[in-house]
Amino acid sequence: MSVARSLERRIEYLVEGLGAKVFRGQLHPLEVAIRLVRECELNLAETGVGPTAPNQFVVSLSPDDLGADAADAVIRLNTIIKEAAFERGWRLEGAPAVTLTTEPYITRGTIKVDARIVPGELHPWAHLIEIHGPRRVPIKHNRAIIGRSRRADVILGDSEISRTQALVWQEGGRAWIQDLASANGTLLNNVRIDGPSALTDGDSVTLGVARFGFRPT
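A. Representation of the nonpolar core within the structure. Membership of the largest hydrophobic core comes to 34 residues, with the highest contact counts inside it found for Phe-23, Val-59 and Leu-100. Secondary structure elements with two or more residues in this core: α1 (5–15), α2 (29–42), β3 (56–61), α3 (71–88), β4 (97–102) and β5 (112–116). Residues in contact with Val-59, not counting those within four places in the same chain, are Val-32, Leu-36, Val-98, Thr-99, Leu-100, Thr-101, Ile-111, Lys-112 and Val-113. Ranked by size, the runner-up nonpolar core spans 23 residues in total, among them Trp-125, Ala-126, Val-137 and Val-168.

Take a look at the structure:
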C-alpha cells in the first residue's frame, strides 16, 4: 500500500482518540482511514486534467465493529480524503462524504467500501485576486483549469485569455501552475512558464494581460 509517510502521519493524527467510542472489537480506525485512501488509488479516473478520485464512500462494517456515535469519525475521514487528494494531486468533483453503516452479513474485522465520483459543491482552497481590478476569483477544484471556456473550472472572460489557459493544483504539499499551450502564455512573477511551476502565497500570475495575486485560503 503506497501511503506516503507524511500523509500516513497526518492520518494517524486525525484518527487519534477515536478508539472504542466509534470502532469496537479489533478494528482500528487507522485501518478504515487507510482503506479509504487505498480505494481512491484503485478507483482513480484519468481525465483531461489528470487523475480524479472518488469523493463519496459508503463504508459497511459488522454491527460488532461500529459504535453508536460516528459523527466525529465521519468528519475526520472526510478531512483525510481531502488532504490525500491535495497530497497526491488528485481532483475531487465534490466535497468528500463518508457514510459509516453496518450490515448483519459482514463478519467482524471486515471492511467493505463503495466508492463513487459524485459532482458537488466545493469550498475554495485558493483565490486569484486581480492586482489592478476588482476581481477575486475562487479556485475550488484541485487540478482546476483556468480559461475563457464555459467548461473551465475558473472562468475568466477576457478576450486575451485562451479557452484553456492554465492548470492549477496542489500536490506534494505545494501549489503548482502550468500553462496549457495558451496563445499569450502564462507568466509567474513576470516570467513566462513552460512546465509545472511552484506557486506560493502572494505570487503574481499573469493570464493574458490580466495580473492576479495568488492567495491560498
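B. Here's a closer look at the sheet that holds β4. Pairing is mixed in the open sheet, where 3 strands are placed in the order β4-β3-β5. What marks the edges here is a single partner per strand, and that holds for β4 and β5. The sheet shows a mean angle of 15 degrees between the axes of neighbouring strands, taken without regard to direction. Pairing between β3 and β5: 5 bridges, direction antiparallel. Bridge pairing in β5 places Val-59 opposite Val-113. Lying on the sheet, α3 is in contact with β3 and β4; it crosses β4 at an angle near 135 degrees.

C. Quick peek at the packing of aromatic side chains. Under the counting rule described, the total for this entry stands at 2 aromatic pairs. Ring centres 6.3 Å apart and planes at 65 degrees place the aromatic pair Trp-125 and Phe-214 in the edge-to-face group. One end of the pair, Trp-125, is in the loop between β5 and β6 (126–130); the other, Phe-214, is in strand β16 (residues 210–216), and 89 residues separate them in sequence. Each member of the aromatic cluster is reached from another via a ring pair, and the members are Phe-86, Trp-125 and Phe-214. Across from the ring centre of Trp-169, 5.0 Å away, lies the NZ or CZ of Arg-143, which sits over that ring. The residue whose ring lies beneath Arg-174 is Trp-176, and the NZ or CZ to ring-centre distance is 5.8 Å.

D. Local environment of the sheet that holds strand β11 (residues 174–179). Spatially, β9-β8-β10-β11-β14 is the arrangement adopted by the 5 strands of the open sheet, whose pairing is mixed. With one partner strand each, in any of the chains shown, β9 (154–155) and β14 (197–199) form the two edges of the open sheet. Examined bridge by bridge, strand β8 (residues 144–147) and strand β10 (residues 166–171) share 3 bridges and lie antiparallel to one another. When the bridges of β10 are listed, Ala-144 appears paired with Val-168.

E. View of the pattern of salt bridges. Applying the stated criterion across every chain, the model contains 13 salt bridges. Notably, a salt bridge pairs Arg-10 with Glu-83, separated by 2.7 Å at the nearest N-O pair. Linking Arg-10 in helix α1 with Glu-83 in helix α3, this pair joins segments that are 73 residues apart in sequence. Overall, the relative accessible area of 31% leaves Arg-10 in the partly exposed class. Between Arg-91 and Asp-153 there is a salt bridge, with the nearest N and O atoms lying 2.8 Å from each other. Taken together, the positions of Arg-91 in the loop between α3 and β4 and Asp-153 in the loop between β8 and β9 put the pair 62 residues apart, joining distant regions of the chain.

Basis of the calculations
- Here the residue index of a chain counts from 1 through its sequence in written order.
- Local features in a predicted model are, by the rule used here, given only for residues with pLDDT of at least 70; side-chain atom pairs are given and counted only at 80 or more, and totals for whole chains, interfaces and linings are based on all residues.
- Only hydrogens and water are removed before side-chain values are computed, so all heavy atoms of the structure are retained for them.
- Here, nonpolar core refers to any group of buried Ala, Val, Leu, Ile, Met, Phe, Trp, Tyr and Cys residues whose side-chain atoms link them within 4.5 Å.
- Think of it in three bands: with a 1.4 Å probe and only protein chains considered, a residue is buried below 20% of the maximum accessible area for its type, exposed above 50%, and partly exposed in between.
- In this text, helices come from DSSP runs of H or I with a minimum length of four residues, and strands from runs of E with a minimum of two, each type numbered from the N-terminal end.
- Two residues qualify as a contact provided that any one of their heavy atoms is within 4.5 Å of a heavy atom in the partner residue.
- A pair of strands is labelled paired if DSSP reports no fewer than 2 bridges between them.
- The axes are straight lines fitted to the C-alpha atoms, using for helices just the contacting stretch, and the angles between their N-to-C directions are given from 0 to 180°.
- Pairs were defined over the aromatic rings of Phe, Tyr and Trp, the Trp ring being its six-membered one, requiring ring centres within 6.5 Å. Orientation was assigned from the angle between planes: stacked under 30 degrees, edge-to-face over 60, tilted for the rest.
- Only when the NZ atom of a Lys or the CZ atom of an Arg is both within 6 Å of the ring centre and within 35 degrees of the ring normal do we say a charge sits over the ring.
- Put simply, a salt bridge is a Lys or Arg side-chain nitrogen that is within 4 Å of an Asp or Glu carboxyl oxygen.

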